[in-house]
Amino acid sequence: MDSNIESLLDRYLKRETSMEEDQHIEKWLEENSIADPAWQHLDRPYKDKWLSDVFVDIKASVQENESKTLPRRSENYLWHKIAGVAAALILVFSLYITWPVLKRQTLSQDLTLISTPAIQKKQVTLADGTTVWLNAGSELKYPKVFNEKTRVVYLSGEAYFDVKHEASRAFVIHTGKILTTVLGTAFNIKENQTRHTIQVTVTRGKVSVADDGKLLSILTPNQQVSIDLLTGNFTKTTTNANAVIAWQNDEMQFDDITLADAAMQLEQRFQVKITFDHDQLKNCRFSGSTLKGDSLDKILDVISGFNNATWKKQSDGHIVIYGAGCN
């Protein structure tokens, strides 16, 4: 490792470097292929918006005047520590330069709040022409006018976005610490607070998904990423996007899912509690669909028939599904 670079890195961690020196370090990391390849291939709007979620975690270190020294066990220890977090350092360098802009954007937003009751859905058109369909029990925060270089909104729950394309301004959705970034596309975001998961499904265009500043995946139509918020693990799969967004039209599509997953969807749709007499029933898989206006009773009759089961509503409205399960 070049002693000059090591000295610069050490000084950077003590916040003693100039902007020009920060740029020199970033260039060195890129030339030595240490930077994350996914990061290097993102265009500038994607980079800028990806950073907006990370700056919250590091802004204190940018503002503080006190030095923060990295423990110097040895020169090799310092080098391995720096190499191990090189991609994160690149994010920090970029934030050091762009932080004032990001801070001004975040603090200056006058957000409008729209929420949906447990049994209603809402559609809203944002100032840039983007259309958002908000599912029941969800919440969206957004500015009345997008005056900044990026279009940023905040989602809790589930929503389908049809984003108006603007090549110069990315559209960013914060769902907790998950950051979804696009230029113009259509996709669904679903936050399940019970299971501590978030799913992003694309119907048109391309979407970048990051977790706490770390790029997880870039999705194209009929691709879905599911993120476990407790572990940080994620899976990327191919799916039927039209089935995922069927809730917009008050339809439900069960595409090779378990009876337990179907029951969870019905609980959310009809605000009821559904349990099983035998756990074996939960893993029964089936496919089917419902039409707009179908009653819960009718849907339960159909899916119970598919799975050799029966159901009964208790006096308190609680529904129990009975059956021996599947082979």
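Structure first, text after, so check above.
Since we're looking at a predicted model, the values are computed, not measured. (Residues numbered from 1 in each chain as written. Predicted model: local features only at pLDDT ≥ 70, side-chain atom pairs only at ≥ 80, totals over all residues. Heavy atoms only, no water.)

Caption draft 1: Main features of the side chain of glutamate 191. Structurally, the position occupied by glutamate 191 is in strand 9 (residues 186-192). Buried charged residue glutamate 191 carries no salt bridge. Nearest counter-charge: lysine 141, at 11 Å. Among the polar contacts listed, one links the side chain of glutamate 191 to the side chain of serine 156, at a separation of 3.3 Å. Excluding residues within four positions of it along the chain, glutamate 191 makes contact with Ser156, Gly157, Thr175, Thr197 and Ile198. (Helix = DSSP H or I, 4+ residues; strand = E, 2+ residues; numbered from the N terminus. Buried < 20%, exposed > 50% of the residue type's maximum accessible area, 1.4 Å probe, protein only. Lys, Arg positive; Asp, Glu negative; His and termini not counted. Salt bridge = Lys/Arg side-chain N within 4 Å of Asp/Glu carboxyl O. Polar contact = N/O pair within 3.5 Å; in protein donor to acceptor, adjacent residues only side chain to side chain. Contact = heavy atoms within 4.5 Å.)

Caption draft 2: Here's a closer look at the environment of valine 172. Residue position: valine 172 is located in strand 7 (residues 171-175). Along the primary structure valine 172 and threonine 150 are separated by 22 residues, whereas in three dimensions their C-alpha atoms are 7.4 Å apart.

Caption draft 3: View of the sheet that holds strand 9. Reading across the sheet, the seven strands line up as 2-3-6-9-10-13-14 and stay open at both edges, with antiparallel pairing between neighbours. Strands with a single pairing partner mark the edges of an open sheet, and in this sheet they are strand 2 (122-125) and strand 14 (234-238). Taking the axes of each pair of neighbouring strands and ignoring which way they run, one obtains an average angle of 15° across the sheet. Strand direction decides the pairing type here: strand 2 and strand 3 (residues 131-134), joined by four bridges, are antiparallel. Residue pairing for strand 3: glutamine 123 is matched across the bridge by tryptophan 133. (Pairing = 2+ DSSP bridges. Axes fitted to C-alpha atoms, helices over the stretch in contact; angles between N-to-C directions.)

Caption draft 4: Up close: the pairing of strand 12 (residues 214-219). Bridge count between strand 11 (residues 207-211) and strand 12: five bridges; the pairing is antiparallel. Residue alanine 210 lies in a different strand from strand 12, and its bridge partner there is leucine 215. A loop of two residues connects strand 11 with strand 12, the two strands running antiparallel in sequence, and aspartate 212 in this loop sits at a positive phi of about 55°.

Caption draft 5: Representation of the environment of aspartate 228 within the structure. Its location among the elements puts aspartate 228 in strand 13 (residues 223-228). For aspartate 228, a relative accessible area of 26% corresponds to the partly exposed category. For the pair aspartate 228 and arginine 195, spaced 33 residues apart in the sequence, the C-alpha separation amounts to 8.2 Å. If near-sequence neighbours (up to four positions away) are discounted, aspartate 228 is found in contact with His196, Thr197 and Asn233.

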